[in-house]
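The lines below spell out each chain.
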Amino acid sequence: MLTAADLARYESPRGRANVASAVLLVILVADLVAIWSSQAEYSLLGRIDAGKFASAGELTRNDNRQMIIGYTEFGLFVVGVISFVSWFVQAYRNAEALGANGLRHSSSWALWSWFVPVLNLFRPKQIANDIWRASSPAISLSRQREWELLNPPVLLLAWWIAFLVSRWSTNLSRAYADASTAGALQSLDRVWMFGDSIDAVAAVLAIVVVTMMTRRLEARFVRATTALAQLA
């Protein structure tokens, strides 16, 4: 049975979850705006490629809009990483505090796994799987490894694939860094629209993951504290 000392190590992830979800929601809105902006630029470039007139003012407004959106998306990405990883680390620590023995990695890996090349392709997903399994309110309220028998949902795989594809599309856009013709810039716009679309999907899935995992952790904590109070 979990003890009061075990539960004292638990720190509610609700605050960090709310912050992460709010930032992800803003990222979603920014992605949708970016898709619209890239589509507008794509159309403008199509007109130019067809030999139609585009004023200097129109070109300047387009460039300024794209630049502002690009910087905004980058800033939101940084804030999103900080807020999401902060929640992620706390959730992993809570999984151990709520009875999960034999977690595959230390809590420090919940942080650094996002930034180590190659490992960041699979290690965060492994840790997310473990958080989901170990946060189940239904498994035994004792120090146990029963959680290892549970299967993570398809939701986690969908979120992780969307996240990786969105990062891959960002890297792909660098291949067009020297684009100068209308056709090449349109290709870049297509890459951006694809990447922002996948990023929007990843943001929605990440919000669902944060919300559901937080609810599972809280439900397990409530069950544990209730059971402990009944024994007192």
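Our subject is the structure listed above.
All figures in this text were calculated on a predicted structure; none of them were measured in a lab.

A. Highlighting the layout of surface pockets. Reported here for the largest pocket is a volume of approximately 1400 Å³. In this structure, the largest pocket is lined by 46 residues; those nearest its centre are F77, S166, R167, T170 and D199. Breaking the lining of the largest pocket down by element, the ones donating at least two residues are helix 2 (14–49), helix 3 (56–97), helix 6 (154–173) and helix 7 (182–231). For the lining of the largest pocket, the leading source of residues is helix 3, giving 13 residues. When grouped by side-chain class, the residues that make up the lining of the largest pocket number 29 nonpolar, 11 polar and 6 charged. Roughly 150 Å³ of volume is contained in the second largest pocket. Lining the second largest pocket are E41, L44, L45, I48, L59, N62, D63, A182, L185, L188 and W192. Elements with a contribution of two residues or more to the lining of the second largest pocket: helix 2, helix 3 and helix 7.

B. Looking closely at the packing of aromatic side chains. Scanning the model with the defined rule gives 13 aromatic pairs in all. Aromatic pair Y10 and F221: ring centres 4.1 Å apart, planes at 10 degrees, arrangement stacked. Residue Y10 is found in the loop between helix 1 (4–8) and helix 2, and its partner F221 is found in helix 7; the two are separated by 211 residues along the sequence. Seen in terms of ring centroids, F84 and W159 are 5.8 Å apart; in terms of plane orientation they differ by 40 degrees. Their pairing is tilted. Residue F84 is located in helix 3, and its partner W159 is located in helix 6; the two are separated by 75 residues in the primary sequence. Taken together, the ring pairs connect F84, W87, F88, W114, W159, W160 and F163 into an aromatic cluster. Above the ring of W109, the side-chain terminus of R123 is found at 5.1 Å from the ring centroid.

Rules behind the numbers
Residues numbered from 1 in each chain as written. Predicted model: local features only at pLDDT ≥ 70, side-chain atom pairs only at ≥ 80, totals over all residues. Heavy atoms only, no water. 1 Å grid on protein atoms, 1.4 Å probe; cavity = no way out; pocket = protein on both sides within 12 Å on 5 of 7 lines; lining within 4 Å. Points joined across faces, edges and corners; volume = space filled by probe spheres on them. Helix = DSSP H or I, 4+ residues; strand = E, 2+ residues; numbered from the N terminus. Nonpolar A, V, L, I, M, F, W, Y, C, P; charged D, E, K, R; others polar. Phe/Tyr/Trp six-rings, centres within 6.5 Å; stacked < 30°, edge-to-face > 60°. Lys NZ or Arg CZ within 6 Å of the ring centre and 35° of its normal.

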